[in-house]
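# Analysis of the macromolecular model
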Amino acid sequence: MMEPPHGSLNSPTVELESLQLCDREGTESADSGIGDVDDLPVPQRIHISNITCDSFKIDWDMDSRGRERITHYFIDLNKKESKKENKFKHKDVPTKLVAKTVPLPMTVRGHWFLSPRTEYTVSVQTAAKQPDGDYSVSQWSEVTEFCTADYSTVHLNQLLQKAEAVAGRMLPFAVFYRNQQREYFQQASPSYRSRDAQCRRMLPAVKDNSGSHGSPISGKLEGIFFSCNTEFNTGKPPQDSPYGPFRFQIQADVLFNQNTNVYFGDFYCMYTSYHYVILVLAPDSSEGDVFCKGRLPALDRSDNRFLTCTKEGDGSLSFRHAQDVILEVIYTEPVDLSLGTISQISGHQLMSQSTVNAKKDPSCKICNISVGR
């Protein structure tokens, strides 16, 4: 059974049931309930619109001849990457969907089989239910391709609420830091596109595809990753890192101040007990700030559950971070190395904690919402 549509989707919403069909050629097995191909009108010029991360509208044209006989529509939906079409995949995509005839366009919606930012193929046939319960069907329409959308701000706000529930108390911190290999910080570093060796700057790079599959920042937002988490017993950055033994460290107020906007970007885990929160720090009216506005939930810089910058009575700024999540902070502008210091850490390089292109655990009840991964 499909969930109710969003209020903005003002077309009939299909209540779909999964059907297991063996192939698209004429006659199926007797227990499938499908009869021979009939002269029912074949859907033509399939049109997909109003695509969200877990729904789409579908419309098509068809001849008027025989239209009055149609009782159902069969929809064949597959992930484009799938090599085995038309096989029932309960945990993936139920490839055959049946809907009673409704006015077109109709909305197809279902978080349990549609994932965000995923390419699908769809084709349709019309069907007439017979008195004995079998169906007569038309030929299949042409195959149409489409891609589902990113999370909307509504979905991201749902994810934000889940993250807030586990963020924990706030601890003070004073610096942002970024770990890399030694070569990254050397003057000549042609192997690193995120470094301007001549001007000694760290440059924004496109975020990878780690985290939630539907996050609007993956593969789109440009920025520089920083950390700010501290060890509970020392109040200082940890001496271990998955990203390299050399650390660039910069005072927090250089990147985060009264001219910096803060956005929530993602909340995820990687089959582990600890969770990650991605925040975006974007100087007001910068290119990154323009990207985030309307796409990501904005946070109050002095009053949120993850990362705060508060102006004290003497005019100084104080900073706090959430204790119970690992914060990944994306700063959207270049950062000059002369603004901070570089030193070697004494701990280990814990590669198991690297989040590069890490996949989110889709079964975690703490960090997933009801629209796919």
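The structure displayed is predicted, hence computed values, not measured ones.

## A closer look at the overall build of the protein
Within the protein, the regular secondary structure consists of four helices and 25 strands. Every one of the 373 residues in the protein was classed for burial, and the buried ones make up 49%. Contacts spanning at least 24 positions in sequence make up 72% of the contacts within the protein whose residues lie at least 6 apart. Looking at the protein as shown, the accessible area adds up to about 17800 Å², and 48% of this sits on carbon and sulfur atoms.

## Considerations on the pairing of strand β3 (residues 44-49)
Strand direction decides the pairing type here: β3 and strand β4 (residues 55-61), joined by four bridges, are antiparallel. Counted as the bridge partner of Gln44 is Asp61 from β4. Hairpin connection from β3 to β4: five residues lie between these consecutive antiparallel strands, with Asn50 at a positive phi of about 50 degrees.

## Observations regarding unusual backbone geometry
Cis rather than trans, the peptide bond between Leu104 and Pro105 has omega equal to 0 degrees. The residue Pro105 is located in the loop between β6 (96-100) and β7 (106-109) in this model.

## Focus: the sheet that holds strand β17 (residues 246-251)
Neighbouring strands of a sheet are bound in pairs by backbone hydrogen bonds; such pairs are parallel or else antiparallel. Overall, antiparallel pairing links the three strands, which are arranged β12-β17-β25 in an open sheet. At either end of the open sheet lies a strand with only one pairing partner, and these are β12 (175-180) and β25 (341-344). In this sheet, adjacent strand axes meet at a mean angle of 25 degrees when their direction is disregarded. Of the pairings in the sheet, the one linking β12 to β17 comprises six bridges and is antiparallel in character. Of the residues in β17, the one forming a bridge with Asn179 is Arg247.

## Re the pairing of strand β23 (residues 326-331)
Buried residues dominate β23, accounting for five of its six residues. Sheet topology places strand β16 (residues 222-226) next to β23; three bridges connect them, and they run antiparallel. The residue bridging Phe226 from the neighbouring strand is Val329, located in β23. The pairing of strand β19 (residues 276-283) with β23 spans six bridges and is classified as parallel. Opposite Ile278, over in β23, you have Glu328 as the bridge partner.

## Quick notes on the environment of Phe306
Turning to its location among the elements, Phe306 is positioned in the loop between β20 (298-299) and β21 (307-311). When the C-alpha atoms of Phe306 and Gly168 are compared, they prove to be 8.6 Å apart, with 138 residues separating the residues in sequence.

## A look at the confidence of the model for the protein
The predicted coordinates ought not to be read in detail in places where the model reports low pLDDT. On average, the protein scores 84 in pLDDT, and the residues at 70 or more come to 82%. Of the regions scoring below 50 in pLDDT, residues 1-9 engages in 23 contacts with residues more than four places distant in sequence or in other chains. Counting contacts from residues 15-32, a segment whose pLDDT is below 50, to residues more than four positions away or on other chains yields 43 contacts.

## As for the environment of Pro216
Looking at the element boundaries, Pro216 is found in the loop between β15 (205-206) and β16. Taking C-alpha positions, Pro216 is 9.0 Å from Asp266, a pair spaced 50 residues apart along the chain. If near-sequence neighbours (up to four positions away) are discounted, Pro216 is found in contact with Arg117, Asp150, Tyr151, Leu156, Phe291, Arg295 and Leu296.

## Quick look at the environment of Thr230
Of note, Thr230 is situated in the loop between β16 and β17. Accessibility expressed as a relative area gives 15% for Thr230, which makes it buried. Excluding anything up to four places from it in sequence, Thr230 contacts Leu171, Pro172, Phe173, Gly235, Lys236, Pro237, Pro238 and His321. Within the structure, Thr230 has its side chain in polar contact with the side chain of His321 (distance 2.8 Å).

What counts, and at which threshold
- Residues numbered from 1 in each chain as written.
- Predicted model: local features only at pLDDT ≥ 70, side-chain atom pairs only at ≥ 80, totals over all residues.
- Heavy atoms only, no water.
- Helix = DSSP H or I, 4+ residues; strand = E, 2+ residues; numbered from the N terminus.
- Buried < 20%, exposed > 50% of the residue type's maximum accessible area, 1.4 Å probe, protein only.
- Contact = heavy atoms within 4.5 Å.
- Areas by Shrake-Rupley, 256 points an atom, 1.4 Å probe, with all protein chains shown as cover.
- Pairing = 2+ DSSP bridges.
- Axes fitted to C-alpha atoms, helices over the stretch in contact; angles between N-to-C directions.
- pLDDT = per-residue confidence, 0-100.
- Polar contact = N/O pair within 3.5 Å; in protein donor to acceptor, adjacent residues only side chain to side chain.

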